[in-house]
Amino acid sequence: MAERTVLVTGGTGGLGGAVTAAFLTAGWRVVVPDRESAGTAPAGTAPVRVTADLLEPAGAARAVEAATADPAAPLRAVVNLVGGYASGGLVHETPVDEFDRMLRLNLRPTYLVTQAALPHLVAAGGGAVVCVSARAAVAPFPGAAGYVTAKAAVLAFANAVAVEYRQRGVRCNTVLPSVIDTPANRAAQPDADHRRWVPPAEIAAVIRFLASDDSAPTSGASIPVYGRA
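Keep in mind that this is a model prediction, so the values were computed, not measured. (Residues numbered from 1 in each chain as written. Predicted model: local features only at pLDDT ≥ 70, side-chain atom pairs only at ≥ 80, totals over all residues. Heavy atoms only, no water.)

1. With respect to the overall build of the protein chain
- Across its full length, the protein chain holds six helices and seven strands.
- Each helix and strand of the protein chain, placed in order from N terminus to C terminus, yields the pattern β-α-β-β-α-β-α-β-α-β-α-α-β.
- Relative to the globule expectation of 17 Å for 229 residues, the C-alpha radius of gyration of the protein chain, 17 Å, shows essentially globular dimensions.
- Over its C-alpha atoms, taken along the principal directions, the protein chain stretches across nearly 50 × 35 × 35 Å.
- Out of the 229 residues belonging to the protein chain, those deemed buried represent 43%.
- Taking the contacts inside the protein chain whose residues are at least 6 apart along the sequence as the reference set, 69% of them involve residues at least 24 apart. (Helix = DSSP H or I, 4+ residues; strand = E, 2+ residues; numbered from the N terminus. Rg over C-alpha atoms; globule rule 2.2 N^0.38 Å. Buried < 20%, exposed > 50% of the residue type's maximum accessible area, 1.4 Å probe, protein only. Contact = heavy atoms within 4.5 Å.)

Written out as structure tokens, the structure reads:
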């Protein structure tokens, strides 16, 4: 039986599937929120699925409630993968609604889920939060001001959590991928050199490390996971 639980948001996506598999292989109880209804599989063989809209406080609370439902496997880690990308024009060509949408999609679920989970992590004696930003947060490119700003905000938020909770035993670190080698990204960029992209399983290994006791001295770190890109 698993002795600890990780809550993985975005666990059904291209990166999320690899992250979920990495934690299951390591013996964690894995809880994966989804906006669509899904059944619960036997513990240890598949993630525990919970229906929750993570853009709303009630949905984030529901996800955390499921993650803390097993006293034998306390919540010890939160992995925030929910996010999205949209390209556009330059800043003067980008409607504010599109800019706001990127902030809402990338920052709001990370904030709400982390906010709801922190008291439980503290009560359990500590734990880890891992957030996903992007290389664009530190190396912007034109035509994606909303995405760049949102991912920079995720990085800043994670650093704030690291500072506020370090004395309470909760660590918070961020990974910064370049282009992740997922089917969706390949479809969107069929002519790119996919060999330079970073495989999801390699990012998942870094995330699992940051959630584990092996990375206990590390908090407030921004980890580049660029592959060869």
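2. Quick look at the pairing of strand E3 (residues 48–51)
- Here E3 shows one buried face, formed by Val 48 and Val 50, and one open face, formed by Arg 49 and Thr 51.
- When strand E2 (residues 29–34) meets E3, the two strands line up parallel, connected through four bridges. Looking across to E3, one finds that Pro 33 is bridged to Val 50. (Pairing = 2+ DSSP bridges.)

3. Focus: the sheet that holds E3
- Strand order in the open sheet formed by seven strands is E3-E2-E1-E4-E5-E6-E7, with parallel pairing between adjacent strands. The sheet terminates laterally at E3 and strand E7 (222–225), the two strands that pair on one side only. On average, adjacent strands in this sheet sit at an angle of 20° to one another, irrespective of strand direction.
- Inspection of the sheet shows strand E4 (residues 75–80) paired to strand E5 (residues 127–132) by four bridges, in the parallel sense. (Axes fitted to C-alpha atoms, helices over the stretch in contact; angles between N-to-C directions.)

4. Quick look at helix H1 (residues 14–25)
- The terminal C-alpha atoms of H1, which comprises 12 residues, lie 18 Å apart, in line with the 16 Å expected from a rise of 1.5 Å per residue.
- Turning to H1, its buried residues number three or more, namely Leu 15, Gly 16, Ala 18, Val 19, Thr 20, Ala 22 and Phe 23.
- For H1, the secondary structure elements touched by its buried residues are strand E1 (5–9), E2, E4 and helix H6 (200–211).
- Among the residues trailing H1, Gly 27 stands out with phi positive, at a value near 90°. (Expected span 1.5 Å × (residues − 1).)

5. Some words on the packing of aromatic side chains
- Enumeration according to the criterion identifies four aromatic pairs in this entry.
- Each ring, one from Phe 23 and one from Trp 28, has its centre 5.1 Å from the other, and the planes form 85°; the classification is edge-to-face.
- The exposure class of Phe 23 is buried, given its relative accessible area of 0%.
- Taking relative accessible area as the criterion, Trp 28 reaches 3% and is therefore assigned buried.
- Pairing Tyr 85 with Tyr 147 gives two aromatic rings, centres 4.8 Å apart and planes at 90°, and the pair type is edge-to-face. Of this pair, Tyr 85 sits in the loop between E4 and helix H3 (96–123) while Tyr 147 sits in helix H4 (residues 145–165), and the two are 62 residues apart along the sequence. (Phe/Tyr/Trp six-rings, centres within 6.5 Å; stacked < 30°, edge-to-face > 60°.)

6. Section: the pattern of salt bridges
- Summed over the entire model, instances satisfying the criterion amount to five salt bridges.
- Residue Arg 108 is joined to Glu 56 by a salt bridge in which the shortest nitrogen-to-oxygen separation is 3.9 Å. Of this pair, Arg 108 sits in helix H3 while Glu 56 is found in the loop between E3 and helix H2 (57–67), placing the two residues 52 residues apart along the sequence.
- Arg 108 sits in the partly exposed class, given a relative accessible area of 30%.
- On the basis of relative accessibility, which here comes to 32%, the residue Glu 56 falls in the partly exposed class.
- One network of salt bridges, in which partners are shared, links Glu 56, Arg 104 and Arg 108. (Salt bridge = Lys/Arg side-chain N within 4 Å of Asp/Glu carboxyl O.)

7. Topic: the nonpolar core
- With 28 residues, the main nonpolar core has Leu 7, Val 31, Leu 75, Val 78, Leu 121, Val 129 and Cys 172 as its most contacted residues.
- At the level of secondary structure, the elements contributing two or more residues to this core comprise E3, H2, E4, H3, E5, H4 and strand E6 (170–177).
- Apart from residues lying up to four places away in sequence, Leu 121 is in contact with Leu 75, Arg 76, Ala 77, Val 78, Gly 126, Gly 127, Ala 128, Val 129 and Val 170.
- In this structure, Ala 22, Val 32, Leu 81 and Ala 211 belong to the second largest nonpolar core, which totals 24 residues. (Core = buried A, V, L, I, M, F, W, Y, C linked by side-chain atoms within 4.5 Å.)

Just distances and angles here, no functional claims.
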